[in-house]
Amino acid sequence: MIADTEYLHINRAKIAHDVIDGEVVLVNVVNGFYFSLRGSAASLWAAIEEGRSFGDLCEWASAHYAVDPRVVADAASSFVTALVADEIVIPSADPPPADGERRAVPEAAGTPFATPVIERFTEMMDLLTLDPIHEVDDLGWPHRGVSLE
Amino acid sequence: MTGGAPQVSVVIPVHDAGALLADALASVARQGMPELEVLVIDDGSHDAPERWVESSRLPVRLIRQENGGPSAARNVGIAACRGRYVAFLDADDIWPRRALAGLRARIDADGGADVVQGHVRRFRAAGAHEVAWPFTIVGPPRLGFNVGSALFRREVFNRIGPFDETMRTGEDVDIWVKVREAGLRHAVLADTTLLYRRGNGGIIERLAPPDRSAEHLRRWATILHGSLARRRRAGAP
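Reading the values: rules and limits
Residues numbered from 1 in each chain as written. Chains lettered and ligands numbered in written order. Predicted model: local features only at pLDDT ≥ 70, side-chain atom pairs only at ≥ 80, totals over all residues. Heavy atoms only, no water. Buried < 20%, exposed > 50% of the residue type's maximum accessible area, 1.4 Å probe, protein only. Helix = DSSP H or I, 4+ residues; strand = E, 2+ residues; numbered from the N terminus. Pairing = 2+ DSSP bridges. Phe/Tyr/Trp six-rings, centres within 6.5 Å; stacked < 30°, edge-to-face > 60°. Axes fitted to C-alpha atoms, helices over the stretch in contact; angles between N-to-C directions. Parallel < 35°, antiparallel > 145°, perpendicular 65-115°, else oblique. Left-handed = near helix turned anticlockwise from the far one by under 90°. Contact = heavy atoms within 4.5 Å.

Caption draft 1: Representation of the pairing of strand β2 (residues 15-20) of chain A within the structure. Residue and element names in this part refer to chain A. A large share of β2 lies buried, amounting to 6 of its 6 residues. Burial along β2 is two-sided: Ile-15, His-17 and Val-19 facing one way and Ala-16, Asp-18 and Ile-20 facing the other are all buried. Hairpin connection of β2 to strand β3 (residues 23-28): 2 residues between the antiparallel strands, including Asp-21 at a positive phi of 50°.

Caption draft 2: Region of interest: the packing of aromatic side chains. Counting across every chain of the model gives 9 aromatic pairs over all chains. Centroid distance A:Tyr65 to A:Phe113: 5.1 Å. Interplanar angle 65°. Geometry classified as edge-to-face. Of the two residues, A:Tyr65 is situated in helix α2 (residues 54-65) and A:Phe113 in the loop between β5 (89-92) and β6 (118-121); the sequence distance between them amounts to 48 residues. Each member of the pair, A:Tyr65 together with A:Phe113, is buried. When the centroid spacing of 5.9 Å and the interplanar angle of 25° are considered together, the rings of B:Phe157 and B:Phe163 count as stacked.

Caption draft 3: Region of the structure containing the packing of α2(A) against helix α3 (residues 69-85) of chain A. All names here are of chain A. The contact between α2 and α3 brings their axes to 9 Å, and the two run at 130°. The angle between the axes of α2 and α3 places the two elements in the oblique class. Helix-helix and strand crossings are classified by hand; for α2 and α3 the assignment is right-handed. Residues Phe-54, Leu-57, Cys-58, Ala-61 and Ser-62 of α2 pack against Pro-69, Val-72, Ala-73, Ala-76, Ser-77 and Val-80 of α3.

As structure tokens, then:
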């Protein structure tokens, strides 16, 4: 359970991500899992990128979607819990450092709120963990401790 | 080469590789395979790669194009080649002796394999654009993404399409994702089949390490987005 006062740090040691055509694609470069966030999930990811606390994220989403705060809080809690379980984000009492990069774009205000869905894919894991930094470093994988962004 | 169609076509994209191209061509000559077709695709070089082609001991077809990147150059090679199999060698890399023969033997023996891939070892030469051996091997053999470590049946590219010409890096990762996505049969050799040169100032190497990691790995998200989009269009995400 995430407390309202907690912040969510993108786990940059493991997660590469980008936003293409509004879809957030996240890749865990350690285990080869990858994830897709669309619709409300991409909107909540945008709020995470903005460095909001969980309480602030819920408040923003409730206003943005004009929906009951309790509905948003339940959905966002499940969403964030799943992100934490897959080590995509790390809860912290401290706000994340500003990186100046904001990529995800929320759905248009007033869009009907749908439960955010994390699409999770594992079928490429053996391929994606072959040698993820073959262009990057002499010694190859693993390459821990270096931020991916 | 005998009178019929070549069995193996070797496609070498080159862009201002200088004398490194001579190393690459020499490594092709050391493969000991007579039925080779070698195509060097000059991707808008400014350093007259024909001098290295002419000095090699191989019958090479040199094809010139405006600079379009390695994907575009490889695609020109795929379109022009006649071999039953296609191998790719970047102009700054080297094949170990008889690597291609090992790949060929395996794909011939394994009639169901669409592509056979060996392992990669990184190396650093003594200095920039240094053609003299010996060189330093860096790190253990790895089954990497370099397409130069593999031998493809030519029809593979009819099934997965050409290299993505919008990509100047990561296009090799994209090809392996497409091979997987298409359900093609991919066999693996334990042998090292590619020596991958480091330290020659390639596109990625021009970036400092943190940006290098970010740029390369962000490309993966783009590649996987493309894969998801294709599968969704086909109704099978």
